[in-house]
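Structural overview
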Amino acid sequence: FFSKSLSPFTMNQSQKKGKRFEFLDVTSAQTGASEPAPLECPNLLHDGVSYVGQCINPKCKFGKDKKTVSCPRGYGEEIYPYRDWFKSKNKLPNKHPVECPACNEPFIIQEVTLYKCECTITYQFYAAKEFDTAKYNPSGKEYVSLGKGVDGAVIWKEYSYLELSITKNK
């Protein structure tokens with residue numbers, strides 16, 4: 001379900017690095033099988049890519065208990081999860097907000113889930129000189145969770161570039 005290419009992304013190597021930012025480790029992947037969700041479950045698997053985190057709004061039905069919530073991002077080329085989160089956090093215009101489904105308050109992305117899709121991730125860790133790619137292809141009831149270790153702890157990395165391309169399974 002995962003493949004990594006160590007060959008550099010075709011980009012002029014004389015170009016400068018992007019700005020440093022911290023995000024989940026997209027090379028840390030766990031798999032699972034989807035199950036029916038209970039009524040009003042705030043953490044659902046959505047087709048394509050979804051952002052997962054905790055609502056911390058004490059006035060929200062999910063936030064008062066700091067429940068795990070998710071919001072769909074879907075399919076598309078040139079998906080930038082950090083930018084989606086940054087715009088949401090700073091209340092900037094955003095077609096793809098990272099918000100709690102109940103109170104619409106932004107949350108910190110602590111996991112990225114992939115479901116019923118083909119995903120290519122192009123990234124550059126800040127300390128790296130070259131771009132890498134990772135590919136995931138969860139199908140059927142399988143999903144892929146990015147950003148956590150086998151113990152469930154979030155793994156953070158420093159990036160200078162991170163882009164997802166999500167298409168429907170063929």
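In this text, all values refer to a predicted model and were calculated from it rather than measured experimentally.

1. So, the pattern of salt bridges
- Using the criterion set out here, one finds five salt bridges in the structure.
- Put simply, R73 and D84 hold a salt bridge, and the shortest N to O gap is 2.8 Å. Placement of the pair is R73 in strand β5 (residues 68-74) and D84 in helix α1 (residues 81-89), with a sequence separation of 11 residues. Comparing R73 with D84, the two get one shared label, buried.
- The salt bridge involving K148 is made with E111; its shortest N-O contact spans 3.7 Å. In this pair, K148 sits in the loop between β10 (142-146) and β11 (156-168) while E111 sits in strand β7 (residues 109-115), placing the two residues 37 residues apart along the sequence.

2. Examining the packing of aromatic side chains
- Under the criterion given, the structure shown has seven aromatic pairs.
- Measuring from centroid to centroid gives 5.2 Å for F125 and Y159, while their planes differ by 45 degrees, and the two rings are tilted. Taken as a pair, F125 in strand β8 (residues 117-125) and Y159 in strand β11 lie far apart in primary sequence, 34 residues in all. The residues F125 and Y159 share a single accessibility class, namely buried.
- Three or more aromatic residues link up through ring pairs in this structure, and these residues are F21, Y82, W85, F86, Y123, F125 and Y159.

3. What about the sheet that holds β5?
- Reading across the sheet, the five strands line up as β3-β10-β7-β4-β5 and stay open at both edges, with antiparallel pairing between neighbours. Both edges of this open sheet fall to β3 (29-33) and β5, since each of them pairs with a single strand only. Here the average twist between neighbouring strands, direction ignored, is 25 degrees.
- With six bridges joining them, strand β4 (residues 48-54) and β5 adopt antiparallel strand pairing. Bridge pairing in β5 links Q54 to T68.

4. Focus: the pairing of β8
- The buried fraction of β8 amounts to seven of the nine residues, a majority that puts the element mostly inside the structure.
- Pairing between β8 and β11: nine bridges, direction antiparallel. For C119, the partnering residue across the bridge sits in β11 and is I166.
- Two strands pair when backbone bridges link them, and β8 and strand β9 (residues 132-136) are joined in this way by five bridges, in the antiparallel orientation. Across the sheet, I121 pairs through a bridge with A134, a residue of β9.
- Where β8 folds back on β9, the antiparallel hairpin that results is connected by six residues.

Conventions used here
- Residues numbered from 1 in each chain as written.
- Predicted model: local features only at pLDDT ≥ 70, side-chain atom pairs only at ≥ 80, totals over all residues.
- Heavy atoms only, no water.
- Salt bridge = Lys/Arg side-chain N within 4 Å of Asp/Glu carboxyl O.
- Helix = DSSP H or I, 4+ residues; strand = E, 2+ residues; numbered from the N terminus.
- Buried < 20%, exposed > 50% of the residue type's maximum accessible area, 1.4 Å probe, protein only.
- Phe/Tyr/Trp six-rings, centres within 6.5 Å; stacked < 30°, edge-to-face > 60°.
- Pairing = 2+ DSSP bridges.
- Axes fitted to C-alpha atoms, helices over the stretch in contact; angles between N-to-C directions.

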